[in-house]
Amino acid sequence: MEIILAILIGVLYTAGVYMLLRRSILKFIIGIIFLSNATNLLVFISSGIIAGKPAFVDGTTPSPNNLADPLPQALVLTAIVIGFGIVVFTLALKFKFFETTGTDDLDQLQQTDN
Amino acid sequence: MNAIALPIFIPFLLILILVVVRHTRAAQFVSVLGSTLLFAVSLVLFVSLKGGKIHTLNMGSWEAPFGISLVLDYFSGLMLVTASLIVLCLSVYTIYFMDGEHRNNKFYVFFFSLTMGVNGAFLTGDAFNLYVWFEVILISSFVLITLGNTKEQLEGGIKYMALNLIGSLFFLAGLGLLYGKTGTLNMAHLAHILRTSEQPVLINTSAALFFLAFGIKAALFPLFFWLPASYHTSNISVTSIFAGLLTKVGVYVLIRFFTLFFVQDQIFWLNLFLVIAGLTMVVGGMAASSHYDTRRILSYHIISQIGYMIMGLGIYTPLAIAGAIFFTIHNMVAKTNIFLVSGLINRAKGSFYLKDIGGLFKQSPILAILFILPAFALAGVPPLSGFFAKFILIKSGIDAGQYIIVAVAIATAMLTLYSMIKIWNEAFLKKAPDSIETESSFKKPVFAELLPSIILGATSLLMGLFAATIFGYTMVAAEQLLVPTNYIESVLNGLKP
């Protein structure tokens, strides 16, 4: 299972970097979404996939082998929410920029350089 | 100690109040009052650290390596006091310099959420919590930078957003890998594990990702291009906030991480820091000297100064780290101040472009004095703060035998002096250009507009006059950073490293 996820993460990173290098702002944002999801998956599998084991046990201290680690899931939940919020903001920014300038071309963004 | 959550809690409370307060005057009153309170609280917290104490607080009473800990040591205390001083000055300054759509509570809401993020980043003792604070900073700065909705600001905003988002993703990926390797994200616990680790090379992947992430946030040499492309577009008070707080949080985290737990394979990392520091200084300084817009000169100049802080980290002796901290504090104050003064110049003359202005020395001597203070502090003229900051760094470099970086630092000081003299000559000494200038177009600044700049200028002067005291504080901070036994024990409740 980890192998499949690792490959998926690699594919997502590749797709993300490819999209980042495109000229359209919208495609750039899609690239950010890919990268952000790849990173979320990376955090998610950081403690390995442990199937069919509870995360919290009451009573006696159980052996660590019988426990799933809940922390990466908590972390990734936070990261997903933050990432979602940021993507929404970037889309709003892109929309506003398109409204003012009528362009979606990153090469047109040369006003503020130099 | 519960009180160390206050620097996060006060801005949060202010956000809640300011969302409701719709009246502009009331919002301004609340923000000035609130930031005064914040400054007072930070000062009290800093004084309570006397004698090298470290305060910790486990949020929600979860024990240290499992829950989120807040940690206040000398380094975070110093940064906290400086940041709240800047926030206080800016909350006064914005009353006069926010125009049009900005003149309502919307600005203050995001101003204080930025403050909350910065204070949180200084206080937190948990690496993932740090990520969350960075996102808080990021989202509020997105809003602040595009608040005017002009074409330039939106374009600057897109560039700022793009690179900083990629930085955040590097940070998160680094966190994931670090957790996979160590099973903890509490910074003290990480230090406890990694300092006794037997396979230090394995940690380099995380260290590299963190270095890239904070290199982007701190605007280090090959990663700084978002900064000059966006800082000069926004309203001058927003630019001053960013100049004073944002990049310095990146530097703070670099110093914290690379002294606390990324201490393996150190020869490689320290040499890399020295090379990057030198390049950052020179490239920033040279780019600054080629421009004629004050905001652009000063934006490139921020980058050049970041190099000095990283130089202190790269030399890695107690004296050098103390120098880096001293420099960071000095730079936060002086850099914010010089942006405030450039806003005042713009207000008086109607332009940021040096070729369009001139003759300010005759028209407003007080503005000239206010400019001289931060400009000479940045250039490193005694008795102002910058002289001692650079002196400590250069002395530590010579002591450690790092002559090349010392030579680069001294040469860059010349470049700084050159850019400052250029602004001085063009804006103050030169006769005003005839074509545009008439006597009536000069607007005399009122005292309240000047007040924030006066406070920050006086701080630069006092930091220079009482340099021995400040150096004493930074030295304690540096010792706490380099020998983190005390830090680890206070967070982990007596667990011996």
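Being a predicted model, the structure only gives us computed values, none of them experimental. One numbering rule holds for all chains: residues counted from 1, following each sequence as written. The order in which chains are written sets their letters, starting at A; the order in which ligands are written sets their numbers, starting at 1. Local features are withheld for residues below a pLDDT of 70 in this predicted model, meaning they are given only at 70 or higher, and side-chain atom pairs are given and counted only at 80 or more; totals for whole chains, interfaces and linings count all residues.

(A) A look at the overall build of chain A. Along chain A, the regular secondary structure elements total 3 helices and 0 strands. Labels follow the DSSP assignment, with helices taken as runs of H or I lasting at least four residues and strands as runs of E lasting at least two, numbered in each case from the N terminus. Along chain A, helices and strands appear, N-terminal first, in the series α-α-α. Throughout, radius of gyration means the C-alpha value; the globule benchmark is 2.2 Å times the number of residues raised to the power 0.38. Expected size for 114 residues packed as a compact globule is a radius of gyration near 13 Å; at 20 Å, chain A overshoots this value by more than 25%. Projecting the C-alpha coordinates of chain A onto the three principal axes gives extents of approximately 65 × 25 × 25 Å. Every C-beta atom is placed from the backbone, and the number of other C-beta atoms within 10 Å of a residue's own sets its class: buried at 20 or more, exposed at 12 or fewer, partly exposed in between. Out of the 114 residues in chain A, the part that is buried amounts to 25%. Whether two residues are in contact depends on their C-beta atoms, placed from the backbone: they are in contact if these lie within 7 Å. Pairs at least 24 residues apart make up 63% of the contacts formed inside chain A by residues separated by at least 6 positions.

(B) Structural context of the overall build of chain B. For chain B, the count of helices and strands is 20 helices and 2 strands. The C-alpha radius of gyration of chain B comes to 22 Å, within 12% of the 23 Å expected for a compact globule of 497 residues. In terms of overall dimensions, chain B has C-alpha extents of about 70 × 55 × 40 Å along its principal axes. Expressed as a percentage of its 497 residues, the buried residues of chain B come to 63%.

(C) Expanded view of the confidence of the model for chain B. For chain B, per-residue confidence averages 89 on the pLDDT scale, and residues scoring 70 or more make up 96% of the total. What the predictor reports for the complex is a pTM of 0.93 with an ipTM of 0.93. The score called pLDDT rates the predictor's confidence residue by residue, from a low of 0 to a high of 100.

(D) Highlighting the environment of A:Ser36. Among the structural elements, A:Ser36 can be located in helix α2 (residues 25-44). On the basis of neighbour counts, which here come to 24 C-beta atoms within 10 Å, the residue A:Ser36 falls in the buried class. Spatially, the C-alpha atoms of A:Ser36 and A:Val11 are 13 Å apart, while their sequence positions differ by 25 residues. Here A:Ser36 is in contact with A:Gly83 and B:Leu169, once residues within four sequence places are set aside.

(E) Representation of the nonpolar core in the model. Residue and element names in this part refer to chain B. Ranked by size, the top nonpolar core spans 219 residues in total, and within it Ile137, Leu175, Leu313, Ile325, Phe326 and Leu393 carry the most contacts. With 19 residues, helix α13 (residues 318-349) is the single largest residue contributor to this core. Other than its neighbours up to four places away in sequence, leucine 393 contacts Tyr308, Met311, Gly312, Ala320, Gly323, Ala324, Phe327 and Ala409. To count as a nonpolar core, a set of buried Ala, Val, Leu, Ile, Met, Phe, Trp, Tyr and Cys residues must be joined through C-beta atoms within 7 Å.

(F) Main features of unusual backbone geometry. All names here are of chain B. In this model, proline 382 is joined to proline 383 through a cis peptide bond whose omega is 5°. Mapped onto the elements of the fold, proline 383 is located in the loop between α15 (365-379) and α16 (385-399). Its identity as a non-glycine residue notwithstanding, serine 61 has a phi of 60°, on the positive side. Serine 61 sits in the exposed class, given 7 other C-beta atoms within 10 Å. In this structure, tyrosine 316 takes a positive phi of about 60° despite not being glycine.

(G) Structural view of the interface of chain A and chain B. On the chain B side, the residues contacting the 28 residues of chain A number 29 residues. Sorting elements by how many residues they give to the side of chain A that touches chain B places helix α3 (residues 71-101) of chain A first, with 14 residues. Gly is placed with the polar residues, together with every amino acid not listed as nonpolar (Ala, Val, Leu, Ile, Met, Phe, Trp, Tyr, Cys and Pro) or charged (Asp, Glu, Lys and Arg). Broken down by class, the residue content of the side of chain A that touches chain B amounts to 15 nonpolar, 11 polar and 2 charged.

(H) Just the confidence of the model for chain A, in detail. Mean pLDDT over chain A: 86, with 92% of residues reaching 70 or higher. Per-element confidence in chain A ranges from a low mean pLDDT of 90 for α3(A) to a high of 94 for helix α1 (residues 2-20) of chain A.

(I) Molecular detail of the environment of B:Met332. All names here are of chain B. In this structure, methionine 332 sits in helix α13. With 85 residues separating them in the primary sequence, methionine 332 and threonine 247 have C-alpha atoms 9.6 Å apart. Once you skip the residues sitting within four places of it in the chain, methionine 332 turns out to touch Thr82, Ile86, Gly244 and Lys248.

(J) Focus on the packing of helix α5 (residues 127-145) of chain B against helix α10 (residues 236-260) of chain B. Residues and elements named next belong to chain B. To get an axis, a line is fitted to the C-alpha atoms, and for a helix only the part in contact is used. The angle between two axes follows their N-to-C directions and goes from 0 to 180 degrees. Relative orientation of the contacting elements α5 and α10 amounts to 160°, with a least axis distance of 12 Å. The angle between α5 and α10 falls in the class roughly antiparallel. Pair α5 / α10 crosses with left-handed handedness. Facing α5, whose interface residues are Leu130, Ile137, Ser141, Leu144 and Ile145, α10 presents Val238, Phe242, Leu246, Val249 and Val253. Residue classes in the contact of α5 with α10 are distributed as 9 nonpolar, 1 polar and no charged. Convention used here: angles under 35 degrees read as roughly parallel, angles over 145 as roughly antiparallel, angles from 65 to 115 as roughly perpendicular, and any remaining angle as oblique. Each crossing gets its handedness from the near helix: less than a right angle anticlockwise from the far helix is left-handed, clockwise is right-handed.

(K) Representation of helix α8 (residues 204-218) of chain B. Residue and element names in this part refer to chain B. Expected span of a helix: the number of residues minus one, times 1.5 Å. Over its 15 residues, α8 extends 20 Å from the first C-alpha to the last, a length consistent with the 21 Å expected when each residue adds 1.5 Å. Of all the residues in α8, the buried ones are Ser206, Ala207, Leu209, Phe210, Phe211, Leu212, Ala213, Phe214, Gly215, Ile216, Lys217 and Ala218. Buried residues in α8 make contact with α6 (151-182), α10, α11 (266-289) and α12 (294-315). Trailing α8 by a residue or two, alanine 219 shows a phi angle of about 60°, which is positive.

(L) Helix α1 (residues 6-20) of chain B, seen in detail. Residue and element names in this part refer to chain B. End to end, α1 covers 21 Å across 15 residues, agreeing with the expected 21 Å (1.5 Å per residue, within 8%). Pro7, Ile8, Ile10, Pro11, Leu14 and Leu18 are the residues of α1 that are buried. Buried residues along α1 cover an arc of 165° about the axis, so they all sit on one side. Exposed positions of α1 whose direction lies more than 90 degrees from the buried face are Leu16, Val19 and Val20. Packing partners of the buried residues in α1 comprise α2 (24-47), α3 (74-97) and α4 (105-123). Working definition: the arc comes from the directions between the helix axis and the C-beta atoms, pointing outward to the latter.

(M) Molecular detail of the packing of α3(B) against helix α19 (residues 467-482) of chain B. Residues and elements named next belong to chain B. As a packed pair, α3 and α19 sit with axes 8 Å apart at the nearest point and diverge in direction by 135°. In terms of orientation, α3 lies oblique with respect to α19. Across the interface between the two elements, Tyr74, Phe75 and Leu78 of α3 pack against Tyr473, Thr474, Val476, Ala477, Gln480 and Leu481 of α19. A class-by-class count of the residues in the contact of α3 with α19 yields 7 nonpolar, 2 polar and no charged.

(N) Just the environment of A:Leu21, in detail. All names here are of chain A. For leucine 21, the location among the structural elements is in the loop between α1 and α2. Accessibility expressed as a C-beta count within 10 Å gives 11 for leucine 21, which makes it exposed. Along the backbone, leucine 21 and threonine 100 are 79 residues apart, and their C-alpha atoms lie at a distance of 23 Å.

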